[in-house]
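These are the residues of each chain, in order.
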Amino acid sequence: MQKVYLDNAATTPLHPSVIEEMVQVMQNNYGNPSSTHVYGREAKALIELSRKKIATLLNVSPAEIFFTSCGTESNNTIIRSCINDLGVTRIISSNLEHKCVQESIRDLENRHNVEVIRLNTLTNGDIDITQLIELIQDQSQKTLVSLMHANNEIGNLLDVKKIAKICQANQTLFHTDTVQTIGHYEMDLTELGVDFASCSAHKIHGPKGSGFLYAKKGTHLKPMILGGGQERGLRSGTENVYGVVGLAKSLEIALTELVNHSTHIKKIKQYAIDQLTQAIPGIGFNGLSGDVDNSLYTILSVRLPFHDALIGFELELAGIAISQGSACSSGAAKVSAVIASLYTDAEIDQITPLRVSFSYLNTVEEIDILVETLKKIAEKHEVVTA
Ligand code: PLP
């Protein structure tokens, strides 16, 4: 049976050139970057070269890039330090953020005197920006806006440049979770005007356990992890040298191949939309994900017109790896909070959401397997007659 991997928003396979470069480092550069001898200096040089490479690709200064272990750590560090060290007493965010953002905010809300406002979600899955514009006028409290660039379940995109301008005009800090978008779009972080952003290598064919946070010059974040003072004091702990090298390589490949990869993925996504729409009457797509040009092109959030609590197992039996929500909630029968925010309880009882997420490695043949399998499942639910 052919295996089909369509869960690339959860993680991606490593690119062969990333593996090659990491293996070189594993074999030859085992020095501790903090050591002053040649082994240490060589390892340190690799880290600084990687930082420079990433900074150049995103048009920022190397001093604005801090290596971390993942997107979760980057987002936690930023949000926590804004409250603990930068004097923020109000956070404006949403119920659609990744758990690592929502849980960080909830924890701070419970333990500190922080006012948290979660913006309304519109029926198309966008955040209510009019509400943000109204709220942000109140400058009596130092405020952090934390809104993700692209939603990891339904693929809705935020106009980050517009929000950054609004925040700047109102002396408000702006953090955007860019874990699903860095490497999938040309991104000039300086021009975008955000204060903070985050990245995770394993979403762009790089290694797990490696990411970075971007903090605009002058923002002065303070550390969550203390110790040897690595990463200019913001993130102690001996550096993951091969992880950092792999991260820089994966971002370099993603941006060099951006046009080829995105063109291919958009074609595959449109093909999936067309074939699924033809095969299963009543099928729909959650949020804006059914509009290839106006959503994150790597994600298609499918809404099957019947309820099937066992769909995860049925797809697994057919060799297809797909998530029912984000990775954290895959396997769970309960729909995710993001999907729940788009529908009434009665509507949710009538549908099954599936997140199909693509990479440059996916093929039309794989989409055909997915469509055939879902069509057979729909036949059982009598949506389609055999
Ligand atoms: N933010 C978003 C939008 C994500 O999709 C993810 C992972 O799914 C994360 C943050 C967390 O990243 P990591 O897996 O590197 O901790």
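These figures come from a predicted structure and were not determined experimentally. (Residues numbered from 1 in each chain as written. Predicted model: local features only at pLDDT ≥ 70, side-chain atom pairs only at ≥ 80, totals over all residues. Heavy atoms only, no water.)

1. Comments concerning the overall build of the protein
Here is step 1: Per the secondary structure count, the protein includes 13 helices and 12 strands.
Here is step 2: Relative to the globule expectation of 21 Å for 386 residues, the C-alpha radius of gyration of the protein, 21 Å, shows essentially globular dimensions.
Here is step 3: The C-alpha extent of the protein, read off along each of the three principal axes, is 70 × 55 × 35 Å.
Here is step 4: When each of the 386 residues of the protein is scored for burial, the buried share is 54%.
Here is step 5: Accessible area for the protein stands at about 16,700 Å²; split by element, carbon and sulfur atoms hold 53% of it.
Here is step 6: Within the protein, the 43 negative side-chain charges are centred at a point lying 6 Å from the centre of the 33 positive side-chain charges. (Helix = DSSP H or I, 4+ residues; strand = E, 2+ residues; numbered from the N terminus. Rg over C-alpha atoms; globule rule 2.2 N^0.38 Å. Buried < 20%, exposed > 50% of the residue type's maximum accessible area, 1.4 Å probe, protein only. Areas by Shrake-Rupley, 256 points an atom, 1.4 Å probe, with all protein chains shown as cover. Lys, Arg positive; Asp, Glu negative; His and termini not counted. Charge placed at Lys NZ, Arg CZ, Asp CG, Glu CD.)

2. Observations concerning the site of the ligand
Here is step 1: The environment of the ligand is formed by 14 residues, the closest being T72, D177, Q180, S200 and K203.
Here is step 2: With respect to the ligand, the side chain of D177 contributes an N or O atom lying 2.7 Å from a nitrogen atom.
Here is step 3: Between the ligand and the protein, one listed contact pairs an oxygen atom with a side-chain N or O atom of S200 at 2.6 Å.
Here is step 4: Look at the ligand: alone it shows 390 Å² of surface, and the protein chains cover 89% of it. (Near = heavy atom within 4 Å. Polar contact = N/O pair within 3.5 Å; in protein donor to acceptor, adjacent residues only side chain to side chain.)

3. Overview of the environment of S236
Here is step 1: Looking at where S236 falls in the secondary structure, it is placed in the loop between β8 (211–215) and α8 (241–256).
Here is step 2: A residue is classified by how much of its surface remains accessible, and S236, at 4% relative accessible area, is buried.
Here is step 3: Sequence separation of S236 and I225 is 11 residues, and the distance between their C-alpha atoms is 5.7 Å.
Here is step 4: For S236, the side chain forms a polar contact with the main-chain nitrogen of G229, separated by 2.7 Å.

4. So, the packing of helix α9 (residues 258–279) against helix α13 (residues 364–380)
Here is step 1: With their axes 10 Å apart at the nearest point, α9 and α13 run at an angle of 25° to one another. Accordingly, the angle class assigned to the pair α9 and α13 is roughly parallel. α13 is crossed by α9, and the crossing has right-handed handedness. Counting all contacts with α9, which are made through I268, Y271, A272, Q275, L276 and A279, the residues of α13 involved are V364, I367, D368, V371, L374 and K375. (Axes fitted to C-alpha atoms, helices over the stretch in contact; angles between N-to-C directions. Parallel < 35°, antiparallel > 145°, perpendicular 65-115°, else oblique. Left-handed = near helix turned anticlockwise from the far one by under 90°. Contact = heavy atoms within 4.5 Å.)

5. Details of the domain arrangement of the protein
Here is step 1: Looking at the assigned domains, one finds that the protein contains domain 1 (4–12 + 257–375) and domain 2 (16–256).
Here is step 2: With 29 residues of domain 1 at the interface, the matching set in domain 2 holds 32 residues.
Here is step 3: Together, the buried faces of domain 1 and domain 2 total about 2,400 Å²; carbon and sulfur atoms form 57% of this surface.
Here is step 4: When residues of domain 1 are sorted by the area they lose upon contact with domain 2, L258, L296 and V338 head the list and together hold 25% of the total.
Here is step 5: Here domain 1 and domain 2 share 0 salt bridges between them.
Here is step 6: The interface formed by domain 1 and domain 2 contains 16 residue pairs in polar contact (both at pLDDT 80 or more). (Domains from an automatic or database assignment. Buried area = accessible area lost by both parts, 1.4 Å probe. Salt bridge = Lys/Arg side-chain N within 4 Å of Asp/Glu carboxyl O.)

6. Here we look at unusual backbone geometry
Here is step 1: A positive phi angle is found at Q171, which is not glycine, with a value near 50°.
Here is step 2: The exposure class assigned to Q171 is exposed, which follows from its relative accessible area of 58%.
Here is step 3: Positive phi values are uncommon outside glycine, yet H220 reaches one of about 55°.
Here is step 4: Locating H220 in the fold gives a position in the loop between β8 and α8.

7. Looking at the packing of aromatic side chains
Here is step 1: Scanning the model with the defined rule gives 2 aromatic pairs in all.
Here is step 2: A ring pair is formed by Y185 and Y297, whose centres lie 5.4 Å apart and whose planes are at 70°; its orientation type is edge-to-face. Remark: Y297 occurs in the loop between β9 (284–285) and β10 (299–304) and Y185 occurs in the loop between β6 (173–176) and α7 (189–192); sequence separation between them is 112 residues.
Here is step 3: Given the relative accessible area of 22%, Y185 is considered partly exposed. (Phe/Tyr/Trp six-rings, centres within 6.5 Å; stacked < 30°, edge-to-face > 60°.)

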